[in-house]
Amino acid sequence: TSDISDFGVDVPFVISAPEDSNYAGGNVTLEEKIEFFQRPFKVSEETGASSRRLRIMLPTFQDRLSGGSLSAGIGKDITFSAAFYPNMPYDEIQERLNYMYQRQWIDKQTKHINFFATFLNVEMGRPRLQSFSLTLSFARSGDVFRKLRTDTIFLSFWSGATSMAADAAYFVLLMIVTVLEIRDIYKLQQKRKLSSYIRTGWFLLQWVTILVGWGIILMYQYLNLALGSLQDDLDALVDAQSADIPAETNLLGGSFIDNTSTWAYNATYLAIVVAQFHLLLMMRFFVAFRAQPRLGVVVNTLEACMLDILHFLVILFPSGIAYAISGCFVFGKRLEEFSDIKSAIGYCFKILVETEYDWPELSEEHYWTTGLWVWSFMVFLAMLMLNMVLAIVLDVYSEQRKSAGKSESITETIMSIWTIFRNRERWLGTRKIMDVMKDAPRMLTKTEFLELFPTMLEKQSSIIIESCQLTAQNIHAGPEQMKHTMRMAMALKVAMDDVGEAVDQLDGGTYQNQENLSQLSDEHWAYQIQKELTMQNHDMMNLQWQLQQLNWQWQAMELAHGKGAVFNMNGEEMKKEPLKVL
């Protein structure tokens, strides 16, 4: 219903006349005191309420009414409010509470009662306002539910020079990252590679980090602007309390508590956004760690096993939900942990991670049913499923570690960075080296490499050559060697099939000259195979030449000293006996 009249039971209640000694800031008439006592029973225009809401429907539909939700009473949703001030005399507080009780301010139609209080704390760090909210909800069954909430809003934006320096560093770094990312997008657009870059996960992570970072800055600035008006309200309230203005004529307290509750509520959610932003930065750091080979092993392991873990969760998640629902049926009527589905899921996850549970409490009723539930849960989920996750991660980690080989440690990386910084004036950049290497042959000797970069420092050339040798060793020692071998085997198979087909065509007189490999471009796969076969043939020829030289030296020794000659470490001949060849 819609009703703007006062509510409450009409009872004979005599309001005592105010005393002149109650307040030092002024006197109050009896009419002002009566109006102050009757104010909680009136629909307040300041709260934006247009009428009373009476309970004339089922409780399940009451939340759809304005002021009917559990959070009712915050800000504009308060319909009937009563304010008590710190300077009110104790006798007057008791009299007003008794008046509200006699007129049934809390009646059968009451659904929620919200208690608000604001505390000024200037003793712990920055000055702050702490908002306290206690909500009591009444059910028709007689149950009373409670919800307690505390929020904090700081009256000073920075705690000192350190805080200001940290915020300035954050702003500068965010600006640099934003400018660099925009520059990279512009260059990719010039090269017509922007579409492929947008589809990568790094692009999404980078721009979500940037947008959320700037959003946090804007929200903090908006909150800082609001602190100005809140500070003015606080100063006015403090002045009113210092002057001991009568509570009957003081209208500052209610609006100040409403504003403080609203801004403290917003500040709390801003803190939650900042907390989640740190987790986003952690993911970005994981991606950046790939620049260091040893740290990249951990990141590559997490990325490689992610798909397997997602498939594993498809089995684990329904199994955990099934045990939670089963626990609700078995334990829900007597244990709070299984009173609803959300609590049961949380408690099952706790048992899964900690592998600890209260057996006497669980088995207090239906012993064998409880035993079947607990033992199957521990064997199937805690022992098998959880260990399977560890097995997946460890298996992928061993492969990634083997692929990394003897890579650069983090200490060596730090030393390399220091070396680059110390020789930064003569150190050649990576982009310049790559531009020169585009036109260089695929295989280079050390001399040929130094001829391409005559001004390169000896330290830098040594680092590059050692890195190339280490990379080659890792490739030949790791799983890439198997891929390379299989590729060569397939190339030989294709070549032999072509030779056999050419022989058959020659025999039948239908042979036609094929495309010359020397005319193929560098990007053609056949040209690449030809170059690999040439390198393999070159290595085999060098090995054959070394073996031939060793054979000649052995024959010369036999001619000089005879067969079976044995020498000590000084080169002196010791004895002659037939040489046994194993």
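In case you missed it, the structure is sitting above this.
Because the structure is predicted, anything quoted here is derived from the model rather than measured. (Residues numbered from 1 in each chain as written. Predicted model: local features only at pLDDT ≥ 70, side-chain atom pairs only at ≥ 80, totals over all residues. Heavy atoms only, no water.)

Chemist: Sorry, what's going on with the overall build of the protein chain here?
Modeler: Along its length, the protein chain carries 16 helices and five strands. Across the protein chain, the fraction of contacts at a sequence separation of at least 24, relative to all contacts at a separation of at least 6, is 64%. For the protein chain, the accessible area works out to roughly 40,100 Å², and carbon and sulfur atoms hold 62% of it. (Helix = DSSP H or I, 4+ residues; strand = E, 2+ residues; numbered from the N terminus. Contact = heavy atoms within 4.5 Å. Areas by Shrake-Rupley, 256 points an atom, 1.4 Å probe, with all protein chains shown as cover.)

Chemist: Got a minute to help me understand a nonpolar patch on the surface in this structure?
Modeler: On the surface, a cluster of nonpolar side chains totalling about 1,100 Å² of accessible area is made up of Leu 279, Met 282, Met 283, Phe 285, Phe 286, Phe 289, Leu 295, Val 298, Leu 302, Tyr 397, Ile 410 and Ile 414. Ranked by residue count, the leading element in the nonpolar patch is helix H6 (residues 252-288), at five residues. Mapped onto the elements of the fold, Tyr 397 is located in helix H10 (residues 367-404). The partly exposed category is assigned to Tyr 397, whose relative accessible area is 37%. (Patch = residues over 30% accessible without salt bridge, like charges linked within 9 Å, V, L, I, M, F, W, Y side chains within 5 Å. Salt bridge = Lys/Arg side-chain N within 4 Å of Asp/Glu carboxyl O. Buried < 20%, exposed > 50% of the residue type's maximum accessible area, 1.4 Å probe, protein only.)

Chemist: Whenever I open this one, empty space enclosed by the protein confuses me. Can you help?
Modeler: Once rolled over the atoms, a probe with the size of a water molecule shows which space is left empty. Applying the stated criterion to the full structure yields two cavities of 30 Å³ or more. A volume near 40 Å³ is recorded for the second largest cavity. A class-by-class count of the residues in the lining of the second largest cavity yields three nonpolar, three polar and three charged. (1 Å grid on protein atoms, 1.4 Å probe; cavity = no way out; pocket = protein on both sides within 12 Å on 5 of 7 lines; lining within 4 Å. Points joined across faces, edges and corners; volume = space filled by probe spheres on them. Nonpolar A, V, L, I, M, F, W, Y, C, P; charged D, E, K, R; others polar.)

Chemist: What exactly am I supposed to notice about the packing of helix H5 (residues 201-242) against H6 here?
Modeler: Running from N to C, H5 and H6 point in directions that differ by 160 degrees, and their axes come no closer than 9 Å. Taken together, the axes of H5 and H6 are roughly antiparallel relative to one another. Taken as a pair, H5 and H6 cross one another with a handedness that is left-handed. Partitioned by chemical class, the residues of the contact of H5 with H6 number 27 nonpolar, six polar and two charged. (Axes fitted to C-alpha atoms, helices over the stretch in contact; angles between N-to-C directions. Parallel < 35°, antiparallel > 145°, perpendicular 65-115°, else oblique. Left-handed = near helix turned anticlockwise from the far one by under 90°.)

Chemist: Could you clarify how one ought to interpret the sheet that holds strand S2 (residues 128-138) in this entry?
Modeler: By way of backbone hydrogen bonds, the strands of a sheet pair with one another, either parallel or antiparallel. Strand order in the open sheet made by the three strands is S1-S2-S3, with antiparallel pairing throughout. Two strands close off the open sheet at either side, each with one partner strand: strand S1 (112-121) and strand S3 (144-154). Within the sheet, the average angular offset between the axes of one strand and its neighbour, ignoring direction, is 15 degrees. Strand direction decides the pairing type here: S2 and S3, joined by 11 bridges, are antiparallel. Within S3, the position partnered with Phe 132 by the bridge is Thr 150. (Pairing = 2+ DSSP bridges.)

Chemist: It is not clear to me how the pattern of salt bridges should be interpreted in this structure. Could you clarify?
Modeler: Two side chains with opposite charge may pair up if their charged atoms get near one another. With the rule as written, the count across this model stands at eight salt bridges. With a shortest N-O distance of 3.2 Å, Lys 33 and Glu 95 are connected by a salt bridge. Within this pair, whereas Lys 33 is found in helix H1 (residues 30-38), its partner Glu 95 is found in helix H2 (residues 90-102), the two being separated by 62 residues in sequence. In this structure, Lys 33 and Glu 95 share a single accessibility class: buried. A salt bridge links Lys 350 to Glu 354; the nearest nitrogen and oxygen atoms lie 3.1 Å apart.

Chemist: Can you walk me through a positive patch on the surface in this structure?
Modeler: There is a patch of like positive charges on the surface, built from Lys 187, Lys 191, Lys 193 and Arg 431. Looking at the secondary structure, you find Lys 187 in helix H3 (residues 161-190). On the accessibility criterion, Lys 187 (33% relative accessible area) is partly exposed. (Lys, Arg positive; Asp, Glu negative; His and termini not counted. Charge placed at Lys NZ, Arg CZ, Asp CG, Glu CD.)

Chemist: Would you take a moment to explain the nonpolar core for this structure?
Modeler: Taken as a class, soluble globular proteins show a tendency for nonpolar side chains to be buried jointly. Among the nonpolar cores identified, the biggest contains 26 residues, and Phe 331, Phe 338, Trp 373, Phe 377 and Leu 381 are the most heavily contacted of them. For this core, the elements supplying multiple residues, two or more each, are helix H7 (293-331), helix H8 (341-354) and H10. If we skip the residues at most four places from it in the chain, Phe 331 touches Phe 338, Leu 362, Thr 370 and Trp 373. Core analysis: the next-biggest nonpolar cluster, separate from the first, contains 14 residues, Leu 227, Leu 234, Phe 256 and Ala 267 among them. (Core = buried A, V, L, I, M, F, W, Y, C linked by side-chain atoms within 4.5 Å.)

Chemist: How should I be thinking about the environment of Thr 178 in this particular structure?
Modeler: With respect to the helices, strands and loops of the structure, Thr 178 is situated in helix H3. Expressed as a C-alpha distance, the spacing of Thr 178 and Trp 207, which sit 29 residues apart in the sequence, is 8.5 Å. Reaching out from Thr 178, the side chain makes a polar contact with the backbone oxygen of Leu 174 at a distance of 2.7 Å. (Polar contact = N/O pair within 3.5 Å; in protein donor to acceptor, adjacent residues only side chain to side chain.)

Chemist: What should I look at first to understand the side chain of Thr 413 in this one?
Modeler: Along the chain, Thr 413 turns up in helix H11 (residues 410-422). Excluding residues that lie within four positions of it along the chain, Thr 413 makes contacts with Gln 292 and Glu 408.

Chemist: Which parts of the structure should I look at to understand the packing of H3 against H5?
Modeler: The N-to-C vectors of H3 and H5 enclose an angle of 140 degrees; their axes lie 11 Å apart at closest approach. One way to sum up the angle between H3 and H5 is to call them oblique. For the element pair H3 and H5, the recorded crossing hand is left-handed. Where H3 abuts H5, its residues Tyr 170, Phe 171, Leu 174, Met 175, Val 177, Thr 178, Glu 181, Ile 182 and Ile 185 lie against Phe 203, Gln 206, Trp 207, Ile 210, Gly 213, Trp 214 and Ile 217. Class assignment of the residues belonging to the contact of H3 with H5 gives a composition of 12 nonpolar, three polar and one charged.

Chemist: Help me out: how do you make sense of the packing of aromatic side chains in this one?
Modeler: Aromatic ring pairs are reported here in terms of the distance separating the ring centres and the angle at which the planes meet. For the structure shown, the criterion picks out 21 aromatic pairs. Judged by centre distance (5.3 Å) and plane angle (75 degrees), the rings of Phe 338 and Tyr 347 are edge-to-face. Each of the two residues, Phe 338 as well as Tyr 347, counts as buried. The rings of Tyr 323, Phe 331, Phe 338, Tyr 347, Trp 373 and Phe 377 are connected pair by pair, giving a single aromatic cluster. Lying over the aromatic face of Phe 154, Arg 126 brings its terminal NZ or CZ to 4.0 Å of the ring centre. (Phe/Tyr/Trp six-rings, centres within 6.5 Å; stacked < 30°, edge-to-face > 60°. Lys NZ or Arg CZ within 6 Å of the ring centre and 35° of its normal.)

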